[in-house]
Amino acid sequence: MTPIDLSNIPLADNHCHGIYQAQTPVDITAWRQLFTESSDPGMRSTHVTTTLFYRRLIRELATFFECEPTEEAVLAARQQLDDQRLISKFLRSANFDVLFVDKGYPPLELLLPDTVISNLANCRVAPMLRVELLMQRLIAENSVLSTVVEALRAALMDVRGQGYVALKSIVAYRTGLDIRTWSIDEVEEAFAVARREVQERGSVRLAHKPLLDTLLHVTFAEAARQELPVQFHTGYGDTDADMLLANPLHLRAILDRREYRAMPLVLLHECYPYTQQGAYLATVYENVFLDLSYGIPYLGYHEMLEFTRAALSIAPFSKLLYSSDAVGVPELHWVSAMDGRRVLGQVLGECVANGDLSKTEAEEAGMAVLHDNAMRLYKC
Ligand SMILES: [Zn+2]
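Residues numbered from 1 in each chain as written. Predicted model: local features only at pLDDT ≥ 70, side-chain atom pairs only at ≥ 80, totals over all residues. Heavy atoms only, no water.

Observations regarding a negative patch on the surface
Taken together, the side chains of Asp 185, Glu 186, Glu 188 and Glu 189 make up a negatively charged region of the molecular surface. Position of Glu 188 among the secondary structure elements: in helix 9 (residues 184-201). (Patch = residues over 30% accessible without salt bridge, like charges linked within 9 Å, V, L, I, M, F, W, Y side chains within 5 Å. Areas by Shrake-Rupley, 256 points an atom, 1.4 Å probe, with all protein chains shown as cover. Salt bridge = Lys/Arg side-chain N within 4 Å of Asp/Glu carboxyl O. Lys, Arg positive; Asp, Glu negative; His and termini not counted. Charge placed at Lys NZ, Arg CZ, Asp CG, Glu CD. Helix = DSSP H or I, 4+ residues; strand = E, 2+ residues; numbered from the N terminus.)

Written out as structure tokens, the structure reads:
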């Protein structure tokens with residue numbers, strides 16, 4: 001089997017996050033916890049170092065810095081570069097055309113502005129709006145439900161006009177992907193609880209299902225009218241997520257609504273571990289796309305091969321999109337770029353060996369997944 005060489009394709013990373021202004025970790029635990037989704041202290045300080053992802057990362061960083069393949073040597077080499085030089089070195093080496101950045105996390109005040117990232121990486125930055133944060137702000141600002149609904153509709157009236165290329169929803173780990181319709185009494189009751197939270201704490205963490213579901217319907221109507229893609233967190237995530245409710249099959253009620261058919265849905269993080277279910281949805285619904293994320297979840301090489309094989313074997317390759325889901329440090333954007341090209345190249349090589357694709361078709365598929373599909377979908 002000869003792998004397909006995808007090393008020179010400039011990437012469209014269709015879902016990642018911003019990069020911290022301050023790159024020097026306070027201590028070793030602060031560095032290690034960048035590579036786990038667990039909130040348990042022992043996981044963050046100790047066990048994270050024995051994942052295959054972490055061991056591979058340290059080895060690949062040692063090659064990058066030309067130092068010993070140990071955590072200490074890699075961190076010492078990293079700390080010799082000033083923050084912007086470090087970011088620039090990794091991002092330019094990864095070779096991006098566009099970074100699609102979820103502006104909802106981490107907090108903006110910790111991050112470099114998009115223009116700085118764009119200069120450091122020598123690529124475009126396309127921002128995406130996280131709708132739950134907008135909803136929370138509107139609930140805090142308005143004491144009447146109908147005013148919140150109107151304000152949300154107005155705020156989403158021209159999303160591209162505000163510079164965003166897509167919306168992002170984290171409903172999967174707030175109240176679940178089984179988004180329903182509720183009676184006005186149920187919604188008002190949930191709104192009253194949310195408003196009490198605002199009065200007590202000054203802000204609200206929107207996890208009131210009838211209210212969030214209702215505001216999402218307002219959002220979907222606007223997205224469909226503007227043919228605007230909506231990215232959904234699905235599957236694997238931090239401990240907030242009820243993994244059963246993060247299964248993309250729960251989206252069926254939304255997918256079957258005719259009036260939302262003009263809204264493209266992007267299922268993030270290969271729906272891990274529900275990759276087959278996500279790929280199935282991308283196969284039967286024209287407006288569903290499956291994101292293949294090679295940074296987070298933090299997986300070993302074998303499992304990255306497995307989800308890539310599943311996605312490519314099930315879904316049309318015009319429906320698959322590369323991403324890193326990298327957050328905070330440029331090493332994640334970089335290692336994911338290398339892993340994504342390599343894993344996809346190997347799986348496409350297998351497709352040629354199996355007779356699924358010709359070599360030319362495999363190269364076309366590589367270009368589509370790593371770059372062209374995102375450009376078309378987000379109209380970049
Ligand atoms: Zn993300």
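Topic: the sheet that holds strand 5 (residues 230-232)
Taken in spatial order, the eight strands of this open sheet run 1-2-3-4-5-6-7-8, and their pairing is parallel. Both edges of this open sheet fall to strand 1 (11-16) and strand 8 (320-323), since each of them pairs with a single strand only. Here the average twist between neighbouring strands, direction ignored, is 25°. Bridge analysis of strand 3 (residues 124-130) against strand 4 (residues 166-169) gives three bridges, and the strand direction is parallel. Along strand 4, the bridge assignment pairs Arg 130 with Lys 168. Its contacts with the sheet place helix 7 (residues 131-141) against strand 3 and strand 4, and it is angled at close to 50° to strand 3. (Pairing = 2+ DSSP bridges. Axes fitted to C-alpha atoms, helices over the stretch in contact; angles between N-to-C directions. Contact = heavy atoms within 4.5 Å.)

Structural notes on the packing of helix 14 (residues 330-354) against helix 15 (residues 359-377)
At their nearest, the axes of helix 14 and helix 15 sit 9 Å apart, and the two run at 150° to each other. Relative to helix 15, the element helix 14 lies roughly antiparallel. For helix 14 against helix 15, the interelement crossing comes out right-handed. Between helix 14, through Arg 341, Leu 344, Leu 348 and Val 352, and helix 15, the contact on the second element is made entirely by Lys 359, Ala 362, Ala 365, Gly 366, Val 369 and Leu 370. Residue classes in the contact of helix 14 with helix 15 are distributed as seven nonpolar, one polar and two charged. (Parallel < 35°, antiparallel > 145°, perpendicular 65-115°, else oblique. Left-handed = near helix turned anticlockwise from the far one by under 90°. Nonpolar A, V, L, I, M, F, W, Y, C, P; charged D, E, K, R; others polar.)

Quick word on the pairing of strand 4
The alternating pattern of strand 4 places Ala 166 and Lys 168 and Leu 167 and Ser 169 on opposite faces, both of which are buried. Both strand 4 and strand 5 contribute to a ladder of three bridges, which runs parallel. Bridged to Lys 168 within strand 5 is Gln 231. (Buried < 20%, exposed > 50% of the residue type's maximum accessible area, 1.4 Å probe, protein only.)

Brief notes about the coordination of the zinc ion
Ideal values differ by geometry: the angle at a metal is 109.5 degrees with four tetrahedral donors, but 90 or 180 degrees with six octahedral donors. The coordination sphere of the zinc ion contains the protein donors His 15 (NE2), His 17 (NE2) and Asp 325 (OD), at a distance range of 2.1 Å. Sequence positions of the residues that donate to the zinc ion give the spacing H-x1-H-x307-D. Remark: Asp 325 occurs in the loop between strand 8 and helix 14 and His 15 occurs in strand 1; sequence separation between them is 310 residues. Comparing His 15 with Asp 325, the two get one shared label, buried. (Donors = N, O, S within 2.8 Å, 3.2 Å for Na, K, Ca; no water.)

Remarks on unusual backbone geometry
Excluding glycine, residues mostly carry a negative phi; peptide bonds, for their part, are mostly trans. Of note, the bond from Tyr 105 into Pro 106 is cis; its omega dihedral lies within 30 degrees of zero at -5°. Cis rather than trans, the peptide bond between Tyr 272 and Pro 273 has omega equal to 0°. Take Pro 273: it is sitting in the loop between strand 6 (265-267) and helix 12 (275-284). Here Asn 95, not a glycine, exhibits a phi torsion of approximately 65°, which is positive. Of note, Asn 95 is situated in the loop between helix 5 (83-94) and strand 2 (96-102).

What about helix 3 (residues 52-65)?
For helix 3, which comprises 14 residues, the first-to-last C-alpha distance of 20 Å matches the rise-based estimate of 20 Å (1.5 Å per residue) to within 8%. For helix 3, the elements touching its buried residues are helix 1 (28-32), helix 4 (71-79), helix 5, helix 13 (301-314) and helix 14. Looking one or two places after helix 3, you find Glu 66, whose phi comes out positive at around 55°. (Expected span 1.5 Å × (residues − 1).)

Here's the deal with the packing of helix 5 against helix 14
Each pair of packed helices can be described by the angle between their axes along with the distance between the axes. One way to put it is that helix 5 packs onto helix 14 with a least axis distance of 8 Å and a crossing angle of 15°. With respect to each other, helix 5 and helix 14 are oriented roughly parallel. Crossing of helix 5 against helix 14: the hand is left-handed. Of helix 14, the residues touching helix 5 (which contributes Leu 86, Ile 87, Phe 90, Leu 91, Ser 93 and Ala 94) are Pro 330, Glu 331, His 333, Trp 334, Ala 337 and Arg 341. Grouping the amino acids of the contact of helix 5 with helix 14 by side-chain chemistry returns eight nonpolar, two polar and two charged.

Description of the nonpolar core
Core analysis: the largest hydrophobic core is formed by 119 residues, its most contacted members being Phe 35, Ile 139 and Leu 211. For this core, the leading source of residues is helix 14, giving nine residues. Residues contacting Leu 211, with those up to four places away along its chain left out, are Ile 139, Leu 145, Val 187, Ala 190, Phe 191, Ala 194 and Leu 206. Counting 15 residues, the second-largest nonpolar core is a separate cluster that includes Val 98, Ala 126, Met 128 and Val 165. (Core = buried A, V, L, I, M, F, W, Y, C linked by side-chain atoms within 4.5 Å.)

What about the side chain of Glu 270?
Within the fold, Glu 270 resides in the loop between strand 6 and helix 12. No salt bridge is formed by the buried Glu 270; its nearest oppositely charged neighbour, Arg 56, is found at 11 Å. A polar side-chain atom of Glu 270 sits 2.5 Å from the main-chain amide nitrogen of Ser 293. Setting aside residues up to four positions removed in sequence, Glu 270 forms contacts with Thr 275, Leu 290, Asp 291, Leu 292, Ser 293, Pro 297, Leu 299 and Phe 307. (Polar contact = N/O pair within 3.5 Å; in protein donor to acceptor, adjacent residues only side chain to side chain.)

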